[in-house]
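Understanding the architecture of this molecule
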Amino acid sequence: MTDLGGFHDHVARVDLSAGDVQYESVDDEDAKKYIGARGLGVKYVFDQGPDVDPLGPENLLAFMNGPLTGTQVTMSGRIAVCTKSPLTGTVTDSHHGGWSGARLKWAGFDGLLFEGHAEKPVYAYVEDGEVELRDASHLWGMGVHDTRDMIEDEVDNGSYGKNLSIMTIGPGGENQVRYACIMNEDDRASGRGGTGCVMGSKNLKAVVIKSTTKMQKPADPETFKQGHKQAMEVIRESEVTAPNEGGLSVYGTNVLMNVTEEMDGLPTRNGRYTSTASESRAAPDEPNIDSERVSGENVRENILVDEPTCHSCPVACKKEVEVNVMHKGEEMNVRMESFEYESAWALGPNSMNDDRDKVAVMIDRCNDIGLDTIEAGNMLAMAMEMTEEGKLEELDDGLEWGDADEMIEMLERIGNREDDLADLLAEGAERIADRRDAHENKLSVKGQTIPAYDPRCMKGMGIAFATSNRGACHLRGYTPSAEILGIPEKVDPVEWEGKGELTATFQDMHAISDSFDICKFNAFAEGIEEYVLQYNGMTGLDVSEEELMESGERVWNLERYYNNLAGFDGADDTLPNRFVEGADGAIPGQGGVEGSLVELDEMKEEYYEVRGWVDGVVTDEKLDELDIDVGPGTGVSAGDSAAPADD
């Protein structure tokens, strides 16, 4: 058990097969070593074993909050969903904002652990420290929005947005689309890695939390007060996060669309080009697009209707929009949040589409079906390129570049696995490539596709994508903070040297914030000093900056260790060939990054040296150094040359 501040020392372990709920304490040593949320959730997943079938009953699905979740800490409305990914086969954690993380803490829980497989669909109802399984047969087959409304009507005195949070899957999760996500009541998504697919495999339709605001008190109020004051000051002073003034607050995440376009860092046409302008120059006789039409500035000027926020967040990056479009002869009115940068890119420029309003419809469609917008958009772009190359000829004629109406329809088809093409696209890039000899068409790392940053322009993103423990991801180590925004200091985005160390530092910092669980956007203003003060103030601990950074490193290495035991090593730390120097099919950057390719081998060598790994494998010495005392070890020593993970 633990008596640390910020914890209830209360976790529910739900056996869906037996319909049984047991309650347990949080191990005090684990709470101190792995912090909470992501770190503690990964530890629970590790204890279940790395050899489990991601879609089998033995795979654990953990909903975790951290010691700062639901407190006065700025941007502390996050929740982590941890499991083994059916998309990648790695450990994964996927977070969302809104109010469900805070509400789970206010309901008296540090986490919910689901295992097994329910005989019929159920949802978990959480209130006042207890969990009840309720029949969800009548909800199975419904979209996210109808499910949310139906459950709100069923819960006594439950009011969505006031005392009720709902995390649910749609048809995508029910039909085990490998990149299905979990949506909460505000259309915030635990999007990446297929957490919704795992939830569907367990016949778990939703997790419903009813609670009023019950913030925990800090164990050391004076230290907490000092940290909170400092955090608020730097957030207000930041050009990125300043409420109603900073770029993130005014335009949301989509403030980046014009920025990456101008620096030739926006992958376009399935990553062939480094911007829409470069694509237009290369193919002036073909239909061209302009990313500005789907930018944050364009959205704010034309379709913005509201700016909602998450628990304890003054930034309010969410941009709610309303559009009216004609879709195949039918007029559609859609009001949705949020028109995010990654979603707009994947369903926009990377798919050769700049129809702003139909991008909004597609995002809303993904939210209701329960699909990761990044993965879904990349699947459409991959299918378009394969259609162009004749690789999908017998599958419903494939999909043409930028056909927005067909893209809208295809998302629905994928969510329901309606036909052979949709069924193929539901499997994710790696499996498509294997089945259709399309490895040159995929933009994936470890099975998960890239987000909206071109590594030919931002070399830090190249090594971050390659070494991410959950597949290609910008949120594991957000080097554009330094490469674009100059936070904490500006670095040359196209220079590769030093990016291994930079990436490792960001990865460890983000492991800390994800384990608190607070929004990564605070890192555009806050640093390790503010983290330590608020963490010590809430928990009553007295850790130093170095000790907290070591905790982040420990979480990162635990994840990599899990993946090593699951069969991953340095050979899996790759990038799509079109980005890599010396690779077959490499496509050099254009425009402002003319001729640029990623020096992947050099960066991996630098990165592994910083990490103290051998060919992507955590050494037994590193495990000892970080006091990771679980599992059999990797059998790899710091003095070894490259060795397979299962030796």
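Residues numbered from 1 in each chain as written. Predicted model: local features only at pLDDT ≥ 70, side-chain atom pairs only at ≥ 80, totals over all residues. Heavy atoms only, no water.

**With respect to the overall build of the protein chain**
When helices and strands are tallied, the protein chain shows 24 helices and 17 strands. Relative to its length of 647 residues, the protein chain is compact, with a C-alpha radius of gyration of 23 Å against a globular reference of 26 Å. Principal-axis analysis of the C-alpha atoms places the extent of the protein chain at approximately 65 × 60 × 50 Å. A burial count over the protein chain gives 67% of its 647 residues as buried. For the protein chain, contacts bridging at least 24 residues in sequence account for 69% of all contacts bridging at least 6. On the protein chain, roughly 21,300 Å² of surface is accessible, and the fraction owed to carbon and sulfur atoms is 43%. (Helix = DSSP H or I, 4+ residues; strand = E, 2+ residues; numbered from the N terminus. Rg over C-alpha atoms; globule rule 2.2 N^0.38 Å. Buried < 20%, exposed > 50% of the residue type's maximum accessible area, 1.4 Å probe, protein only. Contact = heavy atoms within 4.5 Å. Areas by Shrake-Rupley, 256 points an atom, 1.4 Å probe, with all protein chains shown as cover.)

**Structural notes on the packing of helix 21 (residues 528–539) against helix 22 (residues 545–565)**
Where helix 21 meets helix 22, the axes come as close as 10 Å, and the angle between the chain directions of the two elements is 90°. When the axis of helix 21 is compared with that of helix 22, the two are roughly perpendicular. Between helix 21, through Ile528, Glu529, Tyr531, Val532 and Tyr535, and helix 22, the contact on the second element is made entirely by Glu545, Leu548 and Met549. (Axes fitted to C-alpha atoms, helices over the stretch in contact; angles between N-to-C directions. Parallel < 35°, antiparallel > 145°, perpendicular 65-115°, else oblique.)

**Some remarks on helix 23 (residues 600–611)**
Its twelve residues place the ends of helix 23 16 Å apart at the C-alpha level, agreeing with the 16 Å of an ideal helix rising 1.5 Å per residue. Among all positions of helix 23, only Leu600, Met603, Lys604, Glu606, Tyr607, Tyr608 and Arg611 are buried. Buried residues belonging to helix 23 abut helix 18 (459–467), helix 20 (499–516), helix 22 and helix 24 (620–625). Looking one or two residues beyond helix 23, the residue adopting positive phi is Gly612, at roughly 75°. (Expected span 1.5 Å × (residues − 1).)

**Quick look at the layout of surface pockets**
Where empty space is left in the structure can be found by rolling a water-sized probe over the atoms. In this structure, the second largest pocket encloses a volume near 300 Å³. Considering the residues around the second largest pocket, the lining is formed by 13 residues, among which Ile487, Pro488, Glu489, Thr505 and Phe506 are closest to the centre. For the lining of the second largest pocket, the leading source of residues is helix 20, giving four residues. Classifying every residue of the lining of the second largest pocket gives nine nonpolar, two polar and two charged. (1 Å grid on protein atoms, 1.4 Å probe; cavity = no way out; pocket = protein on both sides within 12 Å on 5 of 7 lines; lining within 4 Å. Points joined across faces, edges and corners; volume = space filled by probe spheres on them. Nonpolar A, V, L, I, M, F, W, Y, C, P; charged D, E, K, R; others polar.)

**Observations regarding the sheet that holds strand 13 (residues 304–306)**
Strands sit in the order 13-14-15 across an open sheet of three strands; the sheet is antiparallel. Pairing within the sheet leaves two strands with one partner each, and these edge strands are strand 13 and strand 15 (330–336). For this sheet, the mean inter-axis angle between neighbouring strands, taken without regard to orientation, is 30°. Two elements, strand 13 and strand 14 (residues 320–327), share two bridges in a ladder whose sense is antiparallel. Bridge pairing links Leu304 to Val321 in strand 14. Taken strand by strand, helix 13 (residues 356–369) contacts strand 14 and strand 15, and its axis lies near 70° from that of strand 15. (Pairing = 2+ DSSP bridges.)

**Side note on the pattern of salt bridges**
Under the counting rule described, the total for this entry stands at 55 salt bridges. The partner of Asp47 in a salt bridge is Lys43, with the nearest N and O atoms 2.9 Å apart. Remark: Lys43 and Asp47 occur in helix 2 (residues 37–48); sequence separation between them is four residues, near one turn of the helix. Take Asp47: its relative accessible area is 46%, and that puts it in the partly exposed class. With relative accessibility at 7%, the residue Lys43 sits in the buried group. Asp354 is the salt-bridge partner of Arg293, the closest N and O atoms lying 2.4 Å from each other. Taken together, the residues Arg293 in the loop between helix 10 (276–282) and helix 11 (296–302) and Asp354 in the loop between helix 12 (341–346) and helix 13 connect sequence positions 61 residues apart. Connected through shared salt-bridge partners, Arg269, Arg272, Glu279, Glu286, Glu385, Glu388 and Arg578 make up one network. (Salt bridge = Lys/Arg side-chain N within 4 Å of Asp/Glu carboxyl O.)

**Quick notes on the confidence of the model for the protein chain**
Here the protein chain averages 96 in pLDDT, and 99% of its residues register 70 or above. pLDDT under 50 marks residues 643–647. Its contacts with residues more than four places away, or in other chains, come to eleven contacts. (pLDDT = per-residue confidence, 0-100.)

**Details of the side chain of Lys442**
Note on placement: Lys442 falls in the loop between helix 17 (429–436) and strand 16 (444–445). With sequence-adjacent residues up to four places away left out, Lys442 is seen in contact with Met382, Ala429, Glu430, Ala433 and Pro576.

**Here we look at unusual backbone geometry**
Here the amide bond leading from Ile487 into Pro488 is cis, since omega sits at 0°, within 30 degrees of zero. Here Pro488 shows up in the loop between helix 19 (480–483) and helix 20. In this structure, the amide linkage connecting Phe516 to the following residue, Asp517, adopts the cis form with an omega of 0°. Its place among the elements puts Asp517 in the loop between helix 20 and helix 21. The phi dihedral of Asp437 falls on the positive side, at around 50°, and the residue is not glycine. With relative accessibility at 62%, the residue Asp437 sits in the exposed group.

**Thoughts on the nonpolar core**
If you look at the biggest cluster of nonpolar residues, it comprises 131 residues, and the most contacted ones within it are Phe339, Leu380 and Ile414. Ranked by residues supplied to this core, first place goes to helix 14 (residues 373–388) with nine residues. Excluding anything up to four places from it in sequence, Phe339 contacts Asn254, Val294, Val299, Ile303, Lys319, Val321, Ala344, Arg356, Val359, Ala360 and Ile363. Core analysis: the second largest hydrophobic core is formed by 26 residues, Leu61, Val81, Leu112 and Leu204 among them. (Core = buried A, V, L, I, M, F, W, Y, C linked by side-chain atoms within 4.5 Å.)

**Digging into the environment of Arg293**
Judged by relative accessible area, which is 40%, Arg293 ranks as partly exposed. Here the alpha-carbon distance between Arg293 and Pro349, two residues 56 residues apart in the chain, equals 9.8 Å. If near-sequence neighbours (up to four positions away) are discounted, Arg293 is found in contact with Asn298, Asp354 and Arg356.

**Quick look at the pairing of strand 6 (residues 111–115)**
The buried fraction of strand 6 is high, at five of five residues. Where burial is concerned, the two faces of strand 6 agree: the one with Gly111, Leu113 and Glu115 and the one with Leu112 and Phe114 are both buried. Taken together, the five bridges between strand 1 (residues 11–15) and strand 6 define a ladder with parallel strand orientation. By the bridge assignment for strand 6, Val11 is matched with Gly111.

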